Amino acid sequence: MTNNQEKKYLDNWLSLTNIQMSITNELESALQKNHNLSLKEFYVLYFLSQTSDKQLRLQQLQEMVGLSQSAISRLVGRLEAKSCGALQRHICEDDRRGIYTRLTTIGEEKLQISLNTFHEILHAAFSKGNLQDELKSLIQKL
C-alpha cells in the first residue's frame, strides 16, 4: 500500500469518525437536557428493552455498552435509585455471583419518551443535505 492510499484511508476514517462524534454529541446533549439521561444510560435501557424478559447480567451490559465493571455498576446504580427507579437489580438464584438488572415499568416509560428525542435527532442529522453528500462521497472513495 502506498503512502497516498494510507493517507486516503486515514482521512476517510477521520471524516467518518467526525460525523459519528458530531451526532453522538447532539444525542448526548438532547437526552441530558430533555430526559436527564446520558447516552450510555439510554443504551442500557434500550438493550434491556430488546431482551424477551427485559433483563441482562451486568457483565453482558458492560460488554454491550463498552464500560468497565465499576462504571456499569455505578450507571445501573443511578438508574436504580429511588428518584429514578428505571432498573431493578437482583442476584441470580443459580449462580450467586451473577447479578442481573431488569428494566422496570418506569424504565420502559422513560425509554419510550426518550426514544422520540433520539429519533428526532437522528432524523434531523441524516436529513441534512451536506451530511448525505459527505457520506455518499466517503462511500464512493472506499
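Data block above holds the structure.
Here is what the cut-offs are and how they apply
Residues numbered from 1 in each chain as written. Predicted model: local features only at pLDDT ≥ 70, side-chain atom pairs only at ≥ 80, totals over all residues. Heavy atoms only, no water. Core = buried A, V, L, I, M, F, W, Y, C linked by side-chain atoms within 4.5 Å. Buried < 20%, exposed > 50% of the residue type's maximum accessible area, 1.4 Å probe, protein only. Helix = DSSP H or I, 4+ residues; strand = E, 2+ residues; numbered from the N terminus. Contact = heavy atoms within 4.5 Å. 1 Å grid on protein atoms, 1.4 Å probe; cavity = no way out; pocket = protein on both sides within 12 Å on 5 of 7 lines; lining within 4 Å. Points joined across faces, edges and corners; volume = space filled by probe spheres on them. Nonpolar A, V, L, I, M, F, W, Y, C, P; charged D, E, K, R; others polar. Axes fitted to C-alpha atoms, helices over the stretch in contact; angles between N-to-C directions. Parallel < 35°, antiparallel > 145°, perpendicular 65-115°, else oblique. Phe/Tyr/Trp six-rings, centres within 6.5 Å; stacked < 30°, edge-to-face > 60°. Pairing = 2+ DSSP bridges. Salt bridge = Lys/Arg side-chain N within 4 Å of Asp/Glu carboxyl O.

A. Expanded view of the nonpolar core. Formed by 30 residues in total, the largest nonpolar core has its most connected members in Phe42, Val44, Leu45, Leu48, Leu61, Leu79 and Leu87. For this core, the secondary structure elements donating two or more residues are helix H1 (3–35), helix H2 (39–49), helix H3 (58–65), helix H4 (69–80), helix H5 (105–127) and helix H6 (129–141). If sequence neighbours within four positions are ignored, Leu48 has contacts with Lys54, Gln55, Leu56, Leu61, Leu87, Thr101 and Leu103.

B. View of the layout of surface pockets. In this structure, the second largest pocket encloses a volume near 150 Å³. Breaking the lining of the second largest pocket down by element, the ones donating at least two residues are H1 and H6. Here the lining of the second largest pocket gets 5 residues from one element, more than from any other, and that element is H1. Partitioned by chemical class, the residues of the lining of the second largest pocket number 4 nonpolar, 3 polar and 3 charged.

C. Here's a closer look at the packing of H5 against H6. Close contact between H5 and H6 brings their axes to 5 Å; oriented N to C, the two are set at 70°. Overall, the two elements H5 and H6 adopt an arrangement that is roughly perpendicular. Counting all contacts with H5, which are made through Ala125, Phe126 and Ser127, the residues of H6 involved are Gly129, Leu131, Gln132 and Leu135. Class assignment of the residues belonging to the contact of H5 with H6 gives a composition of 4 nonpolar, 3 polar and no charged.

D. Structural detail: the packing of aromatic side chains. Per the stated rule, a full pass over the model turns up 5 aromatic pairs. Between Phe42 and Tyr46, the ring centres sit 6.5 Å apart and the planes meet at 10°, which makes this aromatic pair stacked. In this pair, Phe42 and Tyr46 both sit in helix H2, 4 residues apart, roughly one turn of the helix. According to the relative accessible area criterion, Phe42 is buried, its value standing at 2%. Overall, the relative accessible area of 33% leaves Tyr46 in the partly exposed class.

E. Layout of the pairing of strand E3 (residues 99–103). Judged from the 3 bridges that link them, strand E1 (residues 55–57) and E3 form a sheet pairing that is antiparallel. Its bridge partner lying in E3, Leu56 is registered against Thr101. Relative to E3, strand E2 (residues 87–91) is paired through 5 bridges, and the arrangement is antiparallel. Each bridged residue has a counterpart across the sheet, and for His90 the counterpart in E3 is Tyr100.

F. Up close: the pattern of salt bridges. Under the criterion given, the structure shown has 3 salt bridges. Close ionic contact of Asp11 with Lys7 constitutes a salt bridge, the shortest N to O distance being 2.7 Å. Remark: Lys7 and Asp11 occur in helix H1; sequence separation between them is 4 residues, near one turn of the helix. On the basis of relative accessibility, which here comes to 32%, the residue Asp11 falls in the partly exposed class. Looking at Lys7, the relative accessible area reads 48%, which means it is partly exposed. Across the pair Arg78 and Glu41 runs a salt bridge whose closest N-O atoms are separated by 3.1 Å.

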